[in-house]
Amino acid sequence: MMRLWISYLQLVELFVSSLVHLLYGFYIFSSAVAGDLSQAVSEYFHKSNVNVEVKEGVSERGANDDDLPPIVLVHGIFGFGQGRLGALSYFGGAEKMDERVLVPDLGSLTSIYDRARELFYYLKGGQVDYGEEHSTACGHSQFGRMYERGHYPEWDEDHPIHFVGHSAGAQVVRVLQQMLADKSFKGHDTSENWVLSITSLSGAFNGTTRTYTDGMQPEDGRTLKPICLLQLCRIGVIIYDWFDIPWLKNYYNFGFDHFNMSWKKMGIWGLVDCLLGNAGPFASGDWILPDLTIQGSIKLNYNLHTFPNTYYFSYATKRTTKIMGVTVPSSILGIHPLLFIRVLQMSQWRFPPDVSPPYKGYKDEDWLDNDGALNTISMTYPLLPIEHPNCLVEKESDCQPLQPGIWYYKFVEGDHILFIINRERAGVQFDLIYDSIFQRCRKHAFRKKPPTMPNEIHH
């Protein structure tokens, strides 16, 4: 009887979680469509008859803006870049707070490896090459999207880039830097010094116990439970890609085009094969969730280094507190409805006693504090399987001048999506955190001399 009652509660929780996620996804999508329709109507009824003369060769930016290294904002899981979801901004419009910011659109559910490859070609230009060995092993095409011209084709050691990654985006940038160090891109003589700084905002360095709550098996961190939220997600994504509706995918794309899952290429039997788990990204494990388990993150981290000429900074968010020694959500109204249940579940998570822990020395109590998507310990700095050089920051003025090769980390009160999508929700805290990020990039993270800002030109 008790077992039936527990199963019933689990099904109720799955239904509620699925409904909340579906409604939030619909809200985001409909908001983007409504925003675009409103803009189109406004432009139609308020067409300007004023002819604006534009002088050839003159840009809106300052004359020396090209001397500024770009700041590249890399979105996390289920995220999107500029050009997707209409005028909606994943980073809540933070890209407008600096003169030179790029917001690439990467696969929202593709693996960390695939996204790192996509990010390189987005910046440098050319056709995305996932690598022959990797593509064969994972069952997808070797080549992907073509970028006729990169968004920063001059990118090299003399023209390095600042990266800011939210959630899984931070780990994407770390993998990309390691690929640059390993000279993994054919035809390009790369090095780790192409990356000037990495800033992580709620970054997924060491995995998250939420993956197990959502359906990943804690035994291996790769396979899915038969009935879970991620199974519903898997089925939905396969069907979405199979129908391959152009206008819909232009609005939002999970990023699995290189798996050729559309009805034109695989037919009805191919769809059945994918749904049964015999083909596609979910069968090969070449999608993002296995990379976000503790086991998957440890596997990734084995090959990732912290480099001596790059500046590193991370913000670890937290929405829990302790009451009489018990970890619970620190707020009710202050946590997004999408995340409240997950904050509670993660704060009570215990690794199954009959399953080997993911690493030697694992303790449940280390992983209780969280922001509803990631455990706070995971967001501080690369810790597993080897602890990287690090320094806790109480006040940012205390750690200046910054030293490269060290992970400076700071704790911030907030849930996982406080600093994205909805700028108004975070209020003044939104401006403060992005101001500090951009100021650090522009004034405290450089190799030879500080860059000259547009309003600081000296004659």
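Owing to the predicted nature of the structure, the values given are computational and were not obtained by experimental measurement.

Attention now goes to the overall build of the protein. Assigned secondary structure in the protein consists of 15 helices and 11 strands. Against the 2.2 N^0.38 benchmark of 23 Å for 459 residues, the protein shows a C-alpha radius of gyration of 22 Å, consistent with a compact globule. Each of the three principal axes of the protein carries a C-alpha extent, and together these read 80 × 55 × 50 Å. Long-range contacts, defined as pairs at least 24 residues apart, comprise 71% of the intrachain contacts of the protein with a sequence gap of at least 6. Of the roughly 22,800 Å² of accessible surface on the protein, 58% is carried by carbon and sulfur atoms. Side-chain charges in the protein split into 40 positive and 51 negative, and the spacing between the mean points of these groups amounts to 2 Å.

Along its 16 residues, helix 15 (residues 428–443) runs 22 Å from first to last C-alpha, staying within 8% of the 22 Å computed at 1.5 Å per residue. Residues Phe430, Ile433, Tyr434, Ser436, Ile437, Phe438, Arg440, Cys441 and Arg442 constitute the buried set of helix 15.

A few words now on the UniProt feature "transmembrane region" (unreviewed entry) in the protein. UniProt annotation of "transmembrane region" (unreviewed entry) refers to residues 12–29 when read in the numbering used here. Secondary structure across residues 12–29 comprises 100% helix and 0% strand; the distance between its end C-alpha atoms is 26 Å.

With that out of the way, let us pick up the nonpolar core. Core analysis: the biggest nonpolar cluster contains 113 residues, and Leu119, Leu123, Trp155, Phe163, Leu176, Phe256 and Tyr434 have the highest contact counts within it. What Leu123 contacts, discounting residues up to four positions off in sequence, is Val72, Leu102, Gly150, His151, Tyr152, Pro153, Trp155, Ile161 and Phe163.

The next subject is helix 11 (residues 294–301). Most of helix 11 is tucked away: seven of the eight residues are buried. For helix 11, every residue scored as buried is listed here: Ile294, Gln295, Gly296, Ser297, Ile298, Leu300 and Asn301. Packed against the buried residues of helix 11 are helix 2 (112–124), helix 4 (168–181), helix 5 (210–214) and helix 10 (288–292).

Moving on: unusual backbone geometry. Note the cis peptide between Leu384 and Pro385, where omega equals 0°. Within the secondary structure, Pro385 is located in the loop between helix 13 (376–380) and strand 10 (390–392).

Let us look at the sheet that holds strand 6 (residues 195–201). Spatially, seven strands are ordered 2-1-5-6-7-11-10 in an open sheet, and the strand pairing comes out parallel. The two strands at the open ends of the sheet, each matched to only one other strand, are strand 2 (101–102) and strand 10. Note: strand 7 (residues 311–318) against strand 11 (residues 407–413), seven bridges, orientation parallel. Across the sheet, Tyr315 pairs through a bridge with Lys410, a residue of strand 11. Contacting strand 1 (71–74), strand 2 and strand 5 (161–166), helix 2 crosses the sheet at an angle of about 145° to strand 1. The sheet strands contacting helix 4 are strand 1, strand 5, strand 6, strand 7 and strand 11, and the helix crosses strand 5 at an angle near 145°.

Now for the side chain of His388. Considering the arrangement of structural elements, one finds His388 in the loop between helix 13 and strand 10. Judged by its relative accessible area of 11%, His388 falls in the buried class. Every residue in contact with His388, bar those within four places of it in the chain, is listed here: Arg174, Leu304, His305, Thr306, Tyr381, Pro382 and Trp407.

Before going further, it helps to examine the UniProt feature "domain: Lipase-like C-terminal" (unreviewed entry) in the protein. Following the UniProt record, the feature "domain: Lipase-like C-terminal" (unreviewed entry) maps to residues 70–182 here. End-to-end, the C-alpha atoms of residues 70–182 are 23 Å apart, and along that stretch the chain is 30% helix and 19% strand.

Moving on, we come to the environment of Val101. Among the secondary structure elements, Val101 is positioned in strand 2. When its relative accessible area of 16% is taken as the criterion, Val101 is described as buried. Sequence separation between Val101 and Leu14 is 87 residues, and the spatial gap between their C-alpha atoms is 39 Å. For Val101, the residues in contact, after removing those within four places along its chain, are Ile71, Leu73, Glu95 and Phe438.

Two faces, one strand: in a regular strand the side chains alternate between the faces of the sheet. Here strand 5 lies mainly inside the structure; six of its six residues are buried. Residues of strand 5 alternate between two faces, with Ile161, Phe163 and Gly165 on one and His162, Val164 and His166 on the opposite face, all of them buried. Of the pairings in the sheet, the one linking strand 1 to strand 5 comprises four bridges and is parallel in character. When the bridges of strand 5 are listed, Val74 appears paired with Gly165. By the bridge criterion, six bridges tie strand 5 to strand 6 in an arrangement that is parallel. Each bridged residue has a counterpart across the sheet, and for His166 the counterpart in strand 6 is Leu201. Handedness of the crossover joining strand 5 and strand 6 through helix 4 is recorded here as right-handed.

What counts and how
- Residues numbered from 1 in each chain as written.
- Predicted model: local features only at pLDDT ≥ 70, side-chain atom pairs only at ≥ 80, totals over all residues.
- Heavy atoms only, no water.
- Helix = DSSP H or I, 4+ residues; strand = E, 2+ residues; numbered from the N terminus.
- Rg over C-alpha atoms; globule rule 2.2 N^0.38 Å.
- Contact = heavy atoms within 4.5 Å.
- Areas by Shrake-Rupley, 256 points an atom, 1.4 Å probe, with all protein chains shown as cover.
- Lys, Arg positive; Asp, Glu negative; His and termini not counted.
- Charge placed at Lys NZ, Arg CZ, Asp CG, Glu CD.
- Expected span 1.5 Å × (residues − 1).
- Buried < 20%, exposed > 50% of the residue type's maximum accessible area, 1.4 Å probe, protein only.
- UniProt positions renumbered as here; feature names shortened; annotations may be inferred.
- Core = buried A, V, L, I, M, F, W, Y, C linked by side-chain atoms within 4.5 Å.
- Pairing = 2+ DSSP bridges.
- Axes fitted to C-alpha atoms, helices over the stretch in contact; angles between N-to-C directions.
- Right-handed = clockwise from strand over helix to strand, strands pointing away.

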